[in-house]
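# A closer look at the structure
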Amino acid sequence: MSTLVQEIAKRRTFGIISHPDAGKTTLTEKLLLFGGAIQMAGAVKSRKTALHATSDWMAVERERGISVSTSVMKFHYRDFEINLLDTPGHQDFSEDTYRVLTAVDSALMVIDSGKGVETQTRKLMEVCRMRNTPIITFVNKLDRDGLEPLALLEDIEDKLQIECAPLSWPIGMGKGFKGVYDLRQRQIALFTPSRDTRPEDCVVLRDLASPELDRLVGADAAARLRDDVALLQGAANPFDFDEYRRAGQTPVFFGSAINNFGVRELLDAFVELAPPPGPRATLTRTVAPEEEAFTGFTFKIQANMDPAHRDRIAFFRICSGKFTRGMKVMHHRLGKEIGLGNVTVFMAQERSNVDEAWPGDIIGIHNHGTIKIGDTFTDREPLKFTGIPNFAPEHFRRVVLNNPLGIKKLQKGLLQMAEEGAVQVFRPLVGNDYILGAVGILQFEITMARLKDEYGVEAGSEPLNFGLARWVECEDPKVLAEFEKKNQFNLAYDAEGRLSYLAEGEWRLAHTQELFPDVVFLKTRESA
Ligand code: G4P
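All figures in this text were calculated on a predicted structure; none of them were measured in a lab.

What follows covers the sheet that holds strand β4 (residues 106–112). Consider a sheet: its strands pair through backbone hydrogen bonds, and that pairing is either parallel or antiparallel. In space, the seven strands of this open sheet follow the order β2-β3-β1-β4-β5-β11-β6, with mixed pairing throughout. Taken across any chain shown, the strands that pair with only one partner, and hence form the sheet edges, are β2 (72–77) and β6 (163–166). Neighbour-to-neighbour, the strand axes of this sheet turn through a mean angle of 30°, independent of strand direction. Inspection of the sheet shows strand β1 (residues 11–18) paired to strand β3 (residues 80–85) by five bridges, in the parallel sense. Residue R11 lies in a different strand from β3, and its bridge partner there is E81. Lying on the sheet, helix α12 (residues 263–273) is in contact with β1, β2, β3, β4, β5 (135–140) and β11 (249–254); it crosses β5 at an angle near 180°.

Here it is in structure tokens:
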């Protein structure tokens, strides 16, 4: 087997989808702890705690190293090389959160057992559906009284329209939660609840009938578990590997991230079941990861907040071939060759100074604004990867310029930030406003702060009464003209000149759709 094929088989590149507070940060820490990438819990959390206010966020981003290093967390587990891509939540929830999911091969969904499926999880799940991304589910916080496990499975199936197949099962719940039974391995790993438990610190029981089980978890919990397991054999969906890989079924694990319950079962299953880097579509053909020629695309741009350094880091997912530092690649949008010398290779802790990377890996390319979201680089062949879209914003503000002389700088700044995917910029058909659109509201404050710092533009923003946007397409020019005439106050062009319809809410959109059935309203659009 070639080194390339071996390296691909070892890789798992994934992101975590969850609603704020479900336990994403805690689980991330446990995974890093199990992978030996951090020595103690608290290392990831400390960044999150620093993000409570916008001003703190700006300060943290200034120390570029911190946010860059948590954007891609790389660790080993068993024989696997795992790339965990951060999906920013809470205040820093943005289009990046969605777009990161276009660069992963699978996702892990964290659900709070007390709350079931929540809104942000639904939205992120929609993004996963676009590429049929396989999803493994972890139901967290079983140490608290929450919904019954079966009710949780039903909730996931109902709200997310995906079949659930439990692969672990909780032993007790709330105060009486003892651990989980691994339905796949048919064994129980009992941990002592503690923040820093490692995989080896547990008692493993292989026999469900063993009296040892009664002794360790109590007779009641043991009896309940035996009943549950018998019931599940008849009632639960059996796990179907192919269905999981097709994203039609999600294997479900139960546990408590903070207590380390169920995390090892989850991680073992993850590395064994989750897909390695797979083929990716381009406009012209599908690229297989095993192809020797290097290819990949940019899915995220991080600006340096320090005004003295205008450089940006482009996060680039390798799709095929091998990266070596200093190699030359074709930047197809600009039609010129660029050198990949000034690159951050995200590496597992103990292997610094490694200058190569493989499909599934992420590299950070330093540049001065020459790279946009969706840019494809290859050895030679002109290709353009698809499926790295812009997502319809949900929050809108009108830019108010404090000094009208700053209009040129404003235009330049907004255009550049739109290219980075930080915020979307619309020009209404009627009037001279600049409208900003974002998926998360923190983006507005960041945009204003960056306009001031990087472009010297003093501007503020005012709320607008829009709540959604759709890109509009229509084959019949007459219908389109009529549509534009009737909806002129709701129409705008985005930064790439694409016609967009902005509406107050779903009801308004539905009404317009009824009036214009031949107009197509799109929630995403590919960049040019
Ligand atoms: P997030 O990244 O998804 O937003 O969630 P995070 O891990 O920060 O967890 C949110 C809260 O839930 C935290 O409490 C965390 O300690 C708690 N939590 C995580 N996993 C579990 C679990 O298995 N059981 C229980 N009972 N709680 C859990 P916090 O009060 O916000 O923070 P902290 O003071 O505990 O750090």
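Our next topic: the environment of A492. Within the secondary structure layout, A492 lies in strand β29 (residues 491–494). Note on A492: relative accessible area 1%, which makes it buried. Each C-alpha atom, one on A492 and one on R427, is 5.1 Å from the other, the two residues being 65 residues apart in sequence. The contact partners of A492, leaving out residues within four places of it in the chain, are F426, R427, P428, L429, R498, L499, S500 and L502.

Another aspect to go through is the domain arrangement of the protein chain. The figure often quoted for interface size is the accessible area lost as the parts come together. Each assigned domain of the protein chain is listed here: domain 1 (17–56 + 106–273), domain 2 (280–378) and domain 3 (392–526). Taking only C-alpha atoms, the centre of domain 2 and the centre of domain 3 are 29 Å apart. On the side of domain 3, nine residues touch domain 2, which itself brings ten residues to the contact. Both faces considered, domain 2 and domain 3 share a buried interface measuring about 950 Å² in area, 44% of it formed by carbon and sulfur atoms. At the junction of domain 2 with domain 3, the criterion picks out three salt bridges. Measuring nitrogen to oxygen at the nearest pair gives 2.5 Å for the salt bridge that ties R312 to E420. Put simply, domain 2 and domain 3 have four residue pairs in polar contact (both at pLDDT 80 or more) between them.

Put simply, the protein chain has an average pLDDT of 89, and 89% of its residues get 70 or more. A low-confidence stretch, residues 50–54 stays under pLDDT 50, and its non-local contacts, those more than four residues away or across chains, total nine contacts. In the predicted complex, the global pTM is 0.91; the interface-specific ipTM is 0.98.

For residues other than glycine, phi is negative in most cases, and the peptide bonds are mostly trans. Not every positive phi belongs to a glycine, and R78 is a case in point at roughly 50°. Structurally, the position occupied by R78 is in the loop between β2 and β3. Judged by relative accessible area, R78 falls into the partly exposed class, the value being 46%. At R186, a position not held by glycine, the phi torsion is positive, near 55°. Tracing the chain through its elements places R186 in the loop between β8 (179–182) and β9 (187–191).

Definitions and cut-offs
- Residues numbered from 1 in each chain as written.
- Predicted model: local features only at pLDDT ≥ 70, side-chain atom pairs only at ≥ 80, totals over all residues.
- Heavy atoms only, no water.
- Pairing = 2+ DSSP bridges.
- Helix = DSSP H or I, 4+ residues; strand = E, 2+ residues; numbered from the N terminus.
- Axes fitted to C-alpha atoms, helices over the stretch in contact; angles between N-to-C directions.
- Contact = heavy atoms within 4.5 Å.
- Buried < 20%, exposed > 50% of the residue type's maximum accessible area, 1.4 Å probe, protein only.
- Domains from an automatic or database assignment.
- Buried area = accessible area lost by both parts, 1.4 Å probe.
- Salt bridge = Lys/Arg side-chain N within 4 Å of Asp/Glu carboxyl O.
- Polar contact = N/O pair within 3.5 Å; in protein donor to acceptor, adjacent residues only side chain to side chain.
- pLDDT = per-residue confidence, 0-100.

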